[in-house]
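Okay, here's what each chain looks like letter by letter:
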Amino acid sequence: YVNNEGWYNLSMPMDGTLDAFGTVNTQVASGTRNIYSWDESTESWVDIVGASDGSTTLNTAGQGYCVYVGTNGVTGSQSVISLSGTSIYTSAAVSITRQPGSGGPSQGWNLIANPFTCGLDFSSLSKANVNNAFSVYDKTSGTYLTYAQSGGDLTSPVVAPMQAFWVRAIGAA
């Protein structure tokens, strides 16, 4: 359920194409883009679907997406996003990178996701060369909330189903 207009960090818990999110890109309006992924190596958002309607772009297990809801979004307003696909993931190997780059505040950040239909316990994941913390974008406050064992805004290490979240590589992961 997405509760109002704006950008959301989401994932898709099934094997399918990105048009399962809803009305993707050119189906909306010519030249309109409403779904992106994050490329840590260039520290920038990537229009992964391009001019396509998403029907040929395969979902990647564990990939986080930034998806727009509202006028020209994947859905026009608050709604339940109903997804369908051929199979539900039972495992996912996610690639986390830290490329040599600017050394700026975006270096090492990776937008990954919970590709499962249940909560994902972050504290039980292997985190070699990754900070033992994650952040989620809070649409209501317009800020990022963080979970860390040593404290943070979030008290639970469980990442919700379909939630994309940010982790930071601290070395070659």
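Residues numbered from 1 in each chain as written. Predicted model: local features only at pLDDT ≥ 70, side-chain atom pairs only at ≥ 80, totals over all residues. Heavy atoms only, no water.

(A) Expanded view of the pattern of salt bridges. Overall, the coordinates contain 1 salt bridge when judged by the stated rule. Arginine 33 is the salt-bridge partner of aspartate 47, the closest N and O atoms lying 2.6 Å from each other. You can see aspartate 47 sitting in the loop between β3 (44–46) and β4 (65–69) and its partner arginine 33 sitting in the loop between β1 (6–10) and β2 (35–39), a full 14 residues away along the chain. When its relative accessible area of 28% is taken as the criterion, aspartate 47 is described as partly exposed. (Salt bridge = Lys/Arg side-chain N within 4 Å of Asp/Glu carboxyl O. Helix = DSSP H or I, 4+ residues; strand = E, 2+ residues; numbered from the N terminus. Buried < 20%, exposed > 50% of the residue type's maximum accessible area, 1.4 Å probe, protein only.)

(B) Representation of the side chain of glutamate 40 within the structure. Tracing the backbone through its elements, the reader meets glutamate 40 in the loop between β2 and β3. Arginine 98 is the oppositely charged side chain nearest to the buried, salt-bridge-free glutamate 40, at an N-O distance of 6.0 Å. Here the side chain of glutamate 40 touches threonine 97 through a polar contact of 2.9 Å, side chain to side chain. Those residues in contact with glutamate 40, other than ones at most four positions away along the chain, are Thr97, Arg98, Gln99, Gln107, Gly108, Trp109 and Asn110. (Lys, Arg positive; Asp, Glu negative; His and termini not counted. Polar contact = N/O pair within 3.5 Å; in protein donor to acceptor, adjacent residues only side chain to side chain. Contact = heavy atoms within 4.5 Å.)

(C) A look at the pairing of β4. For β4, the tally of buried residues reaches 5 of 5 residues, placing the bulk of the element in the interior. Burial along β4 is two-sided: the residues Tyr65, Val67 and Val69 and Cys66 and Tyr68 are all buried. The pairing of β1 with β4 spans 5 bridges and is classified as antiparallel. Pairing of tyrosine 8 across the sheet is with valine 67, part of β4. Bridge analysis of β2 against β4 gives 2 bridges, and the strand direction is antiparallel. Each residue of the ladder has a partner; that of tyrosine 36, found in β4, is cysteine 66. (Pairing = 2+ DSSP bridges.)

(D) Representation of the nonpolar core in the model. Judged by nonpolar contacts, the single largest core of 16 residues is most densely connected at Leu18, Phe21, Ile35 and Val67. Of all the elements in the fold, those that place two or more residues in this core are β1 and β4. Ranked by the residues each element gives to this core, the list is headed by β4, at 3 residues. Listed in part, the 13 residues of the second largest apolar core include Leu120, Val130, Phe134 and Val167. (Core = buried A, V, L, I, M, F, W, Y, C linked by side-chain atoms within 4.5 Å.)

(E) Broad picture of the packing of aromatic side chains. Under the defined criterion, the tally for this structure stands at 11 aromatic pairs. The interplanar angle of 75° and the centroid separation of 5.8 Å between the aromatic rings of phenylalanine 21 and tyrosine 65 together place this pair among those described as edge-to-face. Of this pair, phenylalanine 21 sits in the loop between β1 and β2 while tyrosine 65 sits in strand β4; the two residues are 44 residues apart in sequence, bridging distant segments of the chain. Judged by relative accessible area, phenylalanine 21 falls into the buried class, the value being 2%. Overall, the relative accessible area of 1% leaves tyrosine 65 in the buried class. (Phe/Tyr/Trp six-rings, centres within 6.5 Å; stacked < 30°, edge-to-face > 60°.)

(F) Region of the structure containing the environment of methionine 12. In this structure, methionine 12 sits in the loop between β1 and β2. For the pair methionine 12 and glycine 64, spaced 52 residues apart in the sequence, the C-alpha separation amounts to 8.3 Å.

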